[in-house]
Amino acid sequence: IMESFSSLLARVRACTICEGNLPEGPRPVLQLHPKARVLIAGQAPGRKVHQSGVPFDDASGNRLREWLGVTREEFYDPEKIAILPMGFCFPGTGKSGDLPPRSECADAWREQLLEQLSDVEVIVVLGQYAQTYHFGEAASSVTALVKSWRTYWPQMIPLPHPSPRNNRWLRQNPWFEAEVLPALQLRVSEVLAE
């Protein structure tokens, strides 16, 4: 299994299927290991992450690590936490932030990569695009889906995107930090301690 995993990961890291459609060219950013216990299903890297090549190496990542209650060392240990966005490359910027993740990524790679993650106990699903993929029709509203988090507990946990652009949402939904985050932190710490 390890050999097929490492060759698959090498093929994904060398992927250029969107070349010509990406403003800064292809640079797939993901973190994966078959032993990972927690999966972060995100949207797509932003410009800063594209430049560093390190997933969540930005303000969103700082907030996400806080939400999860993990250190940088734990977060960047692929044997603990897998990070698999819907799109692996920076999609470019639109009028109100980054463009949506390009669909070619998920179509080409997502199922094959998810099959490698047989030890995952918790999937943290960030934002609309990942939620649509993982929850289907239930994902029509990020707020409604996150409010119904107990329905999917403890295997899947829908969260808003940790972007600073969501500060207003966080202020308007104080139940999220009061109810969801303490449960999430406890669940993540239990799973990583196993």
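Source: prediction; values computed, not measured.

Trainee: Describe the pattern of salt bridges, listing the residues and the values that go with them.
Mentor: Side chains bearing opposite charge may pair, as long as their charged atoms lie close to each other. For the structure on display, the rule yields 6 salt bridges. For Arg37, the salt bridge identified is with Glu194, shortest N-O distance 2.2 Å. One end of the pair, Arg37, is in the loop between helix H1 (2-13) and strand S1 (38-41); the other, Glu194, is in the segment after helix H9 (174-193), with 157 residues separating them in the sequence. Taking relative accessible area as the criterion, Arg37 reaches 18% and is therefore assigned buried. The partner of Arg72 in a salt bridge is Asp57, and the shortest N-O contact between them spans 3.8 Å. Of this pair, Arg72 sits in helix H4 (residues 72-75) while Asp57 sits in the loop between helix H2 (47-52) and helix H3 (59-68); the two residues are 15 residues apart in sequence, bridging distant segments of the chain. Members of the salt-bridge network, linked through shared partners, are Arg37, Glu121 and Glu194.

Trainee: Before we move on, can you summarise the sheet that holds strand S6 (residues 156-159) with the specific residues and values?
Mentor: Two modes of strand pairing occur in sheets, parallel and antiparallel, and in both the strands are linked by backbone hydrogen bonds. Read across the open sheet, the 4 strands follow the order S2-S1-S5-S6; overall the sheet is parallel. At either margin of the open sheet sits one strand with a lone partner, and together these are strand S2 (81-83) and S6. In this sheet, adjacent strand axes meet at a mean angle of 20° when their direction is disregarded. Pairing of S1 with strand S5 (residues 122-126), which is carried by 4 bridges, proceeds in the parallel orientation. Along S5, the bridge assignment pairs Ile40 with Val124.

Trainee: I'd like a rundown of the packing of aromatic side chains, residues and numbers included.
Mentor: By the definition in use, this model includes 8 aromatic pairs. Each ring, one from Trp67 and one from Phe176, has its centre 5.0 Å from the other, and the planes form 70°; the classification is edge-to-face. In this pair, Trp67 is assigned in helix H3 and Phe176 in helix H9, connecting sequence segments 109 residues apart. Each member of the pair, Trp67 as well as Phe176, is classed as buried. Site record: aromatic cluster; members linked through ring pairs are Trp67, Trp169, Trp175 and Phe176. Across the ring face of Phe75, the terminal group of Arg65 is positioned such that the distance to the ring centre comes to 5.0 Å.

Conventions we followed
Numbering of residues begins from 1 in every chain and follows the order in which that chain's sequence is written. Where local features are concerned, this predicted model is filtered to residues with pLDDT of at least 70; where side-chain atom pairs are given and counted, the filter is 80 or more; whole-chain, interface and lining totals use all residues. For the side-chain quantities, the full set of heavy atoms in the structure was used; hydrogens and water were omitted. When a carboxyl oxygen of Asp or Glu lies within 4 Å of a side-chain nitrogen of Lys or Arg, that pair is called a salt bridge. Here a helix means four or more residues in a row that DSSP labels H or I, a strand means two or more in a row labelled E, and each is numbered from the N terminus. Think of it in three bands: residues with accessible area under 20% of the maximum for their type are buried, residues over 50% are exposed, and the middle band is partly exposed, with areas taken using a 1.4 Å probe on protein chains only. Each pair of strands is called paired provided DSSP finds at least two bridges between the two strands. Think of each axis as a best-fit line through the C-alpha atoms, taken over the contacting stretch in the case of a helix, with angles from 0 to 180 degrees between the N-to-C directions. Pairing of aromatic side chains requires ring centres within 6.5 Å, counting the rings of Phe and Tyr and the six-membered ring of Trp. Pairs whose planes differ by under 30 degrees are stacked, by over 60 edge-to-face, and all others tilted. Look at NZ for Lys and CZ for Arg. If either is within 6 Å of the ring centre and within 35 degrees of the ring normal, a charge sits over the ring.

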